[in-house]
Amino acid sequence: MKRNVMRFCLVLLLKAFLGSMVYAFQPTASVSAKDTAIINEWYSNASHLLYSNLRKSDDLINKAWKTSIDIDYEQGIADGYYYTGCIYERKGTLNIAKRYFERAVALYVEKGFFNNLPDAYRRLGIIYMDENRHYTAFEHFLNGLQVAEEEGNFLGQVELSIELANYHNTVSKDYKEAVATLDGAERLAKEKDYRATLGPLYLQYGIAYAKQRDYQTALRYSNLAKGQFKAFSGPAENWQLKVLLVEGGIYSKTHDDVRLAAILKQVGAVVDSVGDPQLQISYQLLQATERYFLGDYENVLKLCDEVKRQLTDQVQLAEDWHNMRLLQLKALYALGDINRADMLLDDYEYAKDSLYAAQYVGQGREMSENYKLEKFERQIKEQELRLSNTSYQRYGLIVGIVVLLTILTILYMHFREKDRLAHRVALKNAEISVQNEILKQANKQNELLLREIHHRVKNNLQIISSLLSLQSRKTSNKEVVSMMQESSSRINSIALIHTKLYQQQSLSRLNIQEYIEQLSVHLLSVYNIGKKDVRFFVQAQDVSLDIDTAIPLGLILTELMTNSLKYAFVNRNDGEIHIEVKHEGAKDYELIFKDNGVGIPEGKLTQTQETLGFRLIHSLTRQLAGIIQYTFGEFSMYNIRFKGQV
């Protein structure tokens, strides 16, 4: 009796288990091709009506999206987020549009739907650009371009290339990269006959060449852009206005006030109807420039004050703010209001520093927000994985109780533990990748800050040099003037080092060949009063020095060149100065400086070495742990051996 009851219970449990397994692993019913075709057609019609009948387009998108949810059509659900984002973008509600586009991108990437993914990346990147999240926007443009290239989406490649060129023209200031990006996009647009994209493409060409001061090429592309935009109506009016403003900017740079006035007349007729605040500001700045050319400085200041009120708290218009400040300064100096101009210049420098700081802080905050967002997404995936594991645990428990209570339980726990370890390894790898990316970005940021520091040090040294030059004009004492001129030359030699460091790719070591050549040109322009034919011969190829070695060496060279130019070629119309820097070991270097001038007689050598210049040379040589020797023959030669850093 007991045996029969146990048998009955076992059979009952086995049937329940088999039923649950059949239900658990039953395949989901497939969505019919007819339904998906109808939904896709609704979305297609809504896309065509997006710029002509927004309300009808919105109704079609809602109907298609609701139907996709009802029949569990995953691509239709993802498309619903994308097209709804397009609706809110057309309405100008970019905050809401951004959330829909972000969800659409996440679903497209997760499910592998690539048709609308490049355009979703593009639209989302444009919104991030408006929010000054430039790094995130650039990342989205690149991701969209990669997907478009992999999927053969040629229109997406052209449109995303235009946005990348706009990023380089407005944010990175890498105008050559913008032109290179546009070259490939132009070939593809012409090959595939995407005429609607040629107008914005030529406009970005015009901006890039105008920024590089190639005004003829810029005007040619501006005319091409206008020709393309004439074939369109509606939104093209906004584009045509941008082209006119680009042309106006070119005429303002070339001081062509007649053509500038003609451009302003055309812009003034349509700028109010477009209703774009940024275009209105650009128009007012061009008006102020025209007033400046005409000598109407009071109206220049009034227009600049109006622009200033509109630019309040708009960091994205930093270039317009910069141009407005420069116009104010030029107008004040022209009016002779020096005190007010100097005060404005001080305010300008302070505000410029604040803008730089705000930009760097914004970039740091942006990277921090991106990291937090990625961390939040990982947590969601972990929760989904835990829920999935819970479901499998339930079925595994049923199998363990009914069929093989002991053996299957052990196997289940074994594989479960293995999955957990693999999952932990994957999470650790993901965390390491994120940390590596953060470190890379931090390194780029530090490099950018270091270049800015060198730039600022150079500017400050040039200001000190300018102050010394101005002060020297206040005295007629030739000895004082000479001392200030020598001090100015020493400061310029240091400033030149910082200039070369932030201009070149390496921030740690200086190319001595280029530095000496530029230093010789500068000193020749300062001390070659009689315009004598003095030639420099520099040989320092493949020698680079760290900044702690380069600055003392630059001061030594400044003193030696100055002495040669001032005293070596007296009563002579020509002369030669030879400079050679070479390696003598891992950390040892040798400087050979010689000229074919009159030299220093032995009787005056001791007296000459007591001057400030020679005391400075000896002091700096000791600072470099070096020794100096002077010989006089056919050439007056200094030989300095010194130590550097590897």
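Because the structure is a prediction, the values reported are computed rather than measured.

**Some words on the overall build of the chain**
When helices and strands are tallied, the chain shows 23 helices and seven strands. Residue burial in the chain is summarised as follows: out of 646 residues, 38% are buried. In the chain, the proportion of contacts linking residues at least 24 apart, taken out of those at least 6 apart, comes to 63%. For the chain, the exposed area adds up to about 37,100 Å²; of that, 54% sits on carbon and sulfur atoms.

**Remarks on the sheet that holds strand 5 (residues 588-595)**
One open sheet holds the five strands; their spatial order is 2-4-5-7-6, and the pairing between them is mixed. Two strands close off the open sheet at either side, each with one partner strand: strand 2 (533-539) and strand 6 (627-632). Strand-to-strand twist in this sheet, taken as the mean axis angle between neighbours without regard to direction, amounts to 10°. Pairing between strand 4 (residues 574-583) and strand 5: seven bridges, direction antiparallel. Counted as the bridge partner of V581 is L591 from strand 5. Along the sheet, helix 20 (residues 512-527) makes contact with strand 2 and strand 4, crossing strand 2 at roughly 165°. The strands touched by helix 21 (residues 547-568) are strand 2, strand 4, strand 5 and strand 7 (636-643); relative to strand 5, the strand with the most contacts, the crossing angle is about 10°.

**Examining the side chain of Q328**
Residue placement: Q328 occurs in helix 16 (residues 318-335). Residue Q328 is classed as buried on the basis of its relative accessible area, which comes to 6%. Within the structure, Q328 has its side chain in polar contact with the side chain of D305 (distance 3.3 Å). Excluding anything up to four places from it in sequence, Q328 contacts L301, C304, D305 and L344.

**Structural notes on the pairing of strand 7**
Pairing geometry for strand 5 and strand 7, over eight bridges, is antiparallel. Of the residues in strand 7, the one forming a bridge with Y589 is F642. In this structure, the hairpin formed by strand 6 and strand 7 is closed by a connection of three residues.

**Looking at the environment of G575**
Mapped onto the secondary structure, G575 falls in strand 4. Sequence separation between G575 and S564 is eleven residues; the distance between their C-alpha atoms is 9.6 Å. Once you skip the residues sitting within four places of it in the chain, G575 turns out to touch D533, V534, R535, F569 and N596.

**With respect to the confidence of the model for the chain**
Scored by pLDDT, the chain comes out at a mean of 79, with 78% of its residues at no less than 70. Segment residues 22-29 is flagged for pLDDT under 50; beyond a separation of four residues in sequence, or across chains, it makes one contact in the model.

Rules and cut-offs
- Residues numbered from 1 in each chain as written.
- Predicted model: local features only at pLDDT ≥ 70, side-chain atom pairs only at ≥ 80, totals over all residues.
- Heavy atoms only, no water.
- Helix = DSSP H or I, 4+ residues; strand = E, 2+ residues; numbered from the N terminus.
- Buried < 20%, exposed > 50% of the residue type's maximum accessible area, 1.4 Å probe, protein only.
- Contact = heavy atoms within 4.5 Å.
- Areas by Shrake-Rupley, 256 points an atom, 1.4 Å probe, with all protein chains shown as cover.
- Pairing = 2+ DSSP bridges.
- Axes fitted to C-alpha atoms, helices over the stretch in contact; angles between N-to-C directions.
- Polar contact = N/O pair within 3.5 Å; in protein donor to acceptor, adjacent residues only side chain to side chain.
- pLDDT = per-residue confidence, 0-100.

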